[in-house]
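Residues per chain, in single letters:
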Amino acid sequence: MRIHNILFLVLAVIAAISLICVWFVPSVQDFMVGNTMWNGVRTFSEVVSATQLDSVDDLLIEDPEDSTLISVPYLQYSTDELEKFRSFVEGGGTLLLADDYGYGNRLLEYMGVTVRFNGKPVLDPLFCYKTQWFPKVVEFATRGDFQCVILNHATALQEVPDEQAIAWTADSSYIDSNENLTWDEGETKGRLPIAARLSVGKGTLIVVGDPSLMINTMINRADNFAFIGYLLGDLNGKNVLFDTSHLSRTPLDVSKTALIRIREVMATPYPLAAIILVIFIGVSIWMMRIGGEVGKQPQNS
Amino acid sequence: MKNKLIWSVIGAGVAVIMLAMPVLSAEPHEDPLKSSWEYSGLEMFGYYSAVLDEVIKKNVDEVVSRLNNMPYANLPASLTSTTETFTESVKECTELLVIIEKELDELRVLIQQSRILEANPVANQIISELSAGYKAVQLAENAVIAMGRAFSVNLENQNSPLRLAYEEVVRKIASIRAMFNLHRDIQINLLKGYVSKEVLNQLGQIDLTAGISESRITPELSLNVEPRDVFVGDNVRVSGTLTTAGRPLVNRKVEIMLNGLTIVTGITDGNGYYKAAFQLPYEYSVSMDVQSLYYPREQDTTTYFASLSPKVMLNILFYEMLLSLDTDEKGYPGRETVIKANWTYQPAAPAIERNFEVRIDDVLVAQLSSTEEFIQKIGLPSDLQLGVHRLTIISFAKGRYAPCIADQMINVNRAKTGLTINLPKFLLVPRQFDVNGSVISELGPLQTALVKIKHDSDTQEFYSTDDGSFKGTLRTHYTFGLIGSESWIVEVIPQEPWNSSLLSSQKVLVINGINCGIFLALLIAIGIIIPKNFRIRNFQWTWRREKIQPEGIITDIPPAGVPVYREPVITMLTAGIGSDVKPGVGIFYRYVLLIQLVQMMTKIVIRPQQTLREFVNGTRKTLGPITDYLLEFTKLIERLLYSRESTNDKYLSTSERLTPQIQDGLKSEDS
């Protein structure tokens, strides 16, 4: 066997192994449904039976009132996507917009509500878990099955009407505007709203200043899960969608998505027809190359 | 080889990137499990300082609320019991300050009215509370000192924020102690003349009557109340006498108290008799107590104590309303819901017109009046949030008729819209086609609802009629698709706020006739025509029938003898015989042709180890007597092949004789 043939064979094997790895190795990227590590949302999505929404184009729902969509906007929304989200909520759907330092304000602006994400970290050196980056929320508009919620690198909401706010941080929390990890004169200090529930059209928009509440390492801390359950309301019979199209992805996630897409596309009629055509042409050429005769009288010896 | 190398390099690049992916994925966020504990004494003292500010303001709720959060504070485990002590002590301090202040006011009134006997337990209660307050302050101070040690405050320099915050807390605790001191001083001042300052400073139990002159006496105060059973709003007459040792106290004020509050005042006459009347307030409780009070004023303060009459209980009468409310369990925003209210009175009372308010979650939605039970339609606000709401009906008090409230939960939701649409299952595009359907909810057909049907970038709009139906024509445009399932998105937007909108996707199998034709033509072109023109090496398609006419020697072979319907694909060329063939070869040719013909007809092939004679004998079962001719021809061929004899006319004529005989036999066999 020639050297280049061996090389080609080895690379083919490597490529095959890579594809298998891409398919089976779990994602390690933040908020990925398939990520079982500390920063994924596997536990949460399993408990609420969330379906991964890879593209907002797929957001076509028969009855928005029976659906709850969760979005973490770490990538910009396009105008089409904003319109789809608005139609979804105005049609009666529930949207949980969880953001800290992302692009949530663009969606809020488009929805026509006054609430905004502050975009700067909320720190609490006293009511916190371990460090001030994990503030504890102990004040709620309604007492449910939750008394304490632990945030992780969160931001606060602003312009929230009192009757729409759901939860506040403690008095010792502050917005670290200059991000020097210390409270300075001029920086907002005191109870800060971190969650709000707003009515938009026929639907409900829930705004939370910390998407990390849902990650595997946070979901079972304190009363985080009960609080998210309260935010989402009664999910019985509801279709829960987790928007992953606005999350930054590692090449592994991109490859995983690409593989899934390719598999889906392959299953549709046109590509299938194209594949058959390619195989047909390939086999024809191969047959022509190997030569031979079919149906001709053999040479008489 | 060059191409393979290029593809190899590309493949290697892709493989390396894919394998490296898990490594490239960095962890961008902080895992709390990997964080270490950090405590802030500065924040803790700052928070405590703010709490103590609220203590000084006697804002009990705020203090309790803030301190209840302390279990969630991030503090060293060694300080847990200390912070708990501080929390409990400070809460106690605040509550005591408020209670003592209230009791001091009560004590002030009692002392002013010379109600010493009543003042005595109050004064002792205050002393106990002051004692508890001082103890709580001390515990709080000790706790703060312990926390200061834990955060090594004494090692900090004088101006460090931590030290300043700590000292601020200590200062505020001292202020709270000063507040208790102030209250103690107020009590000392109030009880001046009854108890000495030194005794009070010891915070022990006291007896206010001990130092009072024995000449002071308590008058006797009687009370009569008429009637005892009285309707709200009716007048109550009270009377009685104020005497001391049988002698009337003349021209003295006697206060009449209803449930402990003065409602009217009477003046005693020359017989010590007093009387008064008051209207019973419209308070619909079943009983109230009436009591008269005399307390000495001016010169009487040195002669008399205050005096209270026995309490007289009044049975309060009113018409209690037993109201029941019935509503639809489900409501729809913007739509009317029916409420049914009926009521009775206990005891039975004549019907009068009552005013009602209907509220949803404390928001007024309707007002009405009625004398008897009613059924009323109430419009629910169109912007009412979906979910369970409390619908409350309030009947206001009217004279002897007590107020009443009844409520019921109502589940407000939108009616689900249902869509029926008739789209073809298969659609040959591009063309126009008719569509019809209907929109209906559980509340009936959707009238003038907007029905948007979207396909690709094209949106067409229809409006439903009164019966909820709609119809129209949909256009499809030419696209580059071939065949497949396509979606028509139907959006229903109702006019009524109580109907929910609907977004539905309808799948239709679409066949693009033009594109399919082009595609088929392309397939034929690529799959058939192109390979036909690619002659590579000796490749040749079996279906290609070469129109090579044998010339010369074989023109005398009667092809007509071979059945046309199964014309063998055998020619001179395929048999390896050209136009320059020698005459003897024609015998072989005829034999080969016949053998092939036999193989085709009998489906029996010559096996590699088989001789020609064995093969021919094997066909006897199928061909019968023809086999004899064939065997004769075979023997002739064997002679030509294996003997020294060469082709001669005899052999030629034999072959020419046998060939048609065999062909005819085969022909008849086949038919």
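The structure this text deals with has already been given above.
In this report, the structure presented in the accompanying data block is examined. In this text, all values refer to a predicted model and were calculated from it rather than measured experimentally.

Parameters and conventions
Residues numbered from 1 in each chain as written. Chains lettered and ligands numbered in written order. Predicted model: local features only at pLDDT ≥ 70, side-chain atom pairs only at ≥ 80, totals over all residues. Helix = DSSP H or I, 4+ residues; strand = E, 2+ residues; numbered from the N terminus. Buried ≥ 20, exposed ≤ 12 C-beta atoms within 10 Å, placed from the backbone. Contact = placed C-beta atoms within 7 Å. Axes fitted to C-alpha atoms, helices over the stretch in contact; angles between N-to-C directions. Parallel < 35°, antiparallel > 145°, perpendicular 65-115°, else oblique. Left-handed = near helix turned anticlockwise from the far one by under 90°. Nonpolar A, V, L, I, M, F, W, Y, C, P; charged D, E, K, R; others polar. Pairing = 2+ DSSP bridges. Expected span 1.5 Å × (residues − 1). Arc of directions from axis to C-beta. Core = buried A, V, L, I, M, F, W, Y, C linked by C-beta atoms within 7 Å.

## A few points about the overall build of chain A
At step 1: The helix and strand tally for chain A stands at 8 helices and 12 strands.
At step 2: Taking all 301 residues of chain A together, 45% fall into the buried category.
At step 3: Within chain A, contacts between residues at least 6 apart in sequence are counted, and of these 73% link residues at least 24 apart.

## As for the overall build of chain B
At step 1: Within chain B, the regular secondary structure consists of 13 helices and 28 strands.
At step 2: Contacts in chain B between residues far apart in sequence, at least 24 positions, make up 65% of those at least 6 positions apart.

## Some points on unusual backbone geometry
At step 1: Residue Pro227 of chain B follows Glu226 of chain B across a cis peptide bond; omega there is -15°.
At step 2: Counting through the fold element by element, Pro227 of chain B comes out in the loop between strand 2 (224-226) and strand 3 (229-231).
At step 3: The residue after Gln346 of chain B, namely Pro347 of chain B, is reached through a cis peptide bond having omega -5°.
At step 4: When you line up the elements, Pro347 of chain B lands in the loop between strand 14 (336-346) and strand 15 (354-360).
At step 5: With a phi angle near 65°, Leu181 of chain A is a residue other than glycine that sits in the positive phi range.
At step 6: Locating Leu181 of chain A in the fold gives a position in the loop between strand 9 (174-175) and strand 10 (193-200).
At step 7: On the basis of neighbour count, Leu181 of chain A is assigned to the exposed category, with 12 C-beta atoms found within 10 Å.

## What to know about the packing of helix 4 (residues 80-112) of chain B against helix 5 (residues 116-150) of chain B
Packed helix pairs are characterised by how far apart their axes lie and by the angle those axes make with each other.
Residues and elements named next belong to chain B.
At step 1: Between helix 4 and helix 5, the shortest axis-to-axis distance is 8 Å and the interhelical angle comes to 155°. As judged from the angle between their axes, helix 4 and helix 5 are roughly antiparallel. Of the two elements, helix 4 crosses helix 5, and the hand of that crossing is left-handed.
At step 2: In terms of residue class, the contact of helix 4 with helix 5 is made up of 25 nonpolar, 5 polar and 5 charged.

## As for the sheet that holds strand 7 (residues 155-158) of chain A
All names here are of chain A.
At step 1: In space, the 3 strands of this open sheet follow the order 7-4-9, with antiparallel pairing throughout. The sheet terminates laterally at strand 7 and strand 9, the two strands that pair on one side only.
At step 2: Pairing of strand 4 (residues 116-123) with strand 7 involves 3 bridges; the strand directions are antiparallel. Its bridge partner lying in strand 7, Pro121 is registered against Thr155.

## A short note on the pairing of strand 24 (residues 450-455) of chain B
Along a regular strand, successive side chains alternate from one face of the sheet to the other.
Residues and elements named next belong to chain B.
At step 1: A one-sided burial pattern is seen for strand 24, the buried positions being Val451, Ile453 and His455 and the unburied ones Leu450, Lys452 and Lys454.
At step 2: Taken together, the 6 bridges between strand 24 and strand 25 (residues 458-463) define a ladder with antiparallel strand orientation. Residue pairing for strand 25: Leu450 is matched across the bridge by Tyr463.
At step 3: Taking the residues that link successive antiparallel strands as the turn, the strand 24-strand 25 hairpin has 2 residues, and the phi of Asp456 there is positive, at about 55°.
At step 4: Looking at chain direction, strand 24 and strand 27 (residues 483-493) are connected through 5 bridges and run antiparallel. Counted as the bridge partner of Val451 is Val492 from strand 27.

## What about helix 1 (residues 3-24) of chain A?
Residues and elements named next belong to chain A.
At step 1: Along its 22 residues, helix 1 runs 32 Å from first to last C-alpha, staying within 8% of the 32 Å computed at 1.5 Å per residue.
At step 2: For helix 1, the set of buried residues is Leu11, Ser18 and Val22. Burial along helix 1 is one-sided: seen end-on, the buried residues are contained in an arc of 30°. Across from the buried face of helix 1, at angles greater than 90 degrees, the exposed residues are Asn5, Ile6, Leu9, Val13, Ala16, Ile20, Trp23 and Phe24.

## Observations concerning the sheet that holds strand 21 (residues 426-429) of chain B
Residue and element names in this part refer to chain B.
At step 1: Read from one edge of the open sheet, 5 strands run 21-28-27-24-25, paired in mixed fashion. At either margin of the open sheet sits one strand with a lone partner, and together these are strand 21 and strand 25. Strand-to-strand twist across the sheet, computed as the mean angle between neighbouring axes with direction ignored, equals 35°.

## Some points on the nonpolar core
At step 1: The biggest cluster of nonpolar side chains holds 156 residues, and the ones touching the most others in it are Ile194 and Val207 of chain A.
At step 2: Top contributing element to this core by residue count: helix 5 of chain B, with 12 residues.
At step 3: Leave out the neighbours within four places in its chain, and Ile194 of chain A touches Val137, Leu151, Ala154, Ala156, Leu157, Ala167, Trp168, Thr169, Val208, Gly209 and Asp210 of chain A.
At step 4: Among the nonpolar cores identified, the runner-up in size contains 17 residues, and Leu594, Leu597, Val598 and Val616 of chain B belong to it.

## Observations regarding the pairing of strand 27 of chain B
At step 1: Sheet topology note: the strand 27 of chain B/strand 28 (residues 502-512) of chain B ladder contains 10 bridges and is antiparallel. From the neighbouring strand, Ile483 of chain B faces strand 28 of chain B, where its bridge partner is Ile511 of chain B.

## Considerations on the environment of Phe231 of chain B
Residues and elements named next belong to chain B.
At step 1: Tracing the backbone through its elements, the reader meets Phe231 in strand 3.
At step 2: The exposure class of Phe231 is partly exposed, given the 14 C-beta atoms found within 10 Å.
At step 3: Spatially, the C-alpha atom of Phe231 lies 6.7 Å from that of Arg400, the residues being 169 residues apart in sequence.
At step 4: In this structure Phe231 touches Leu317, Phe318 and Arg400, once residues within four positions along its chain are discounted.

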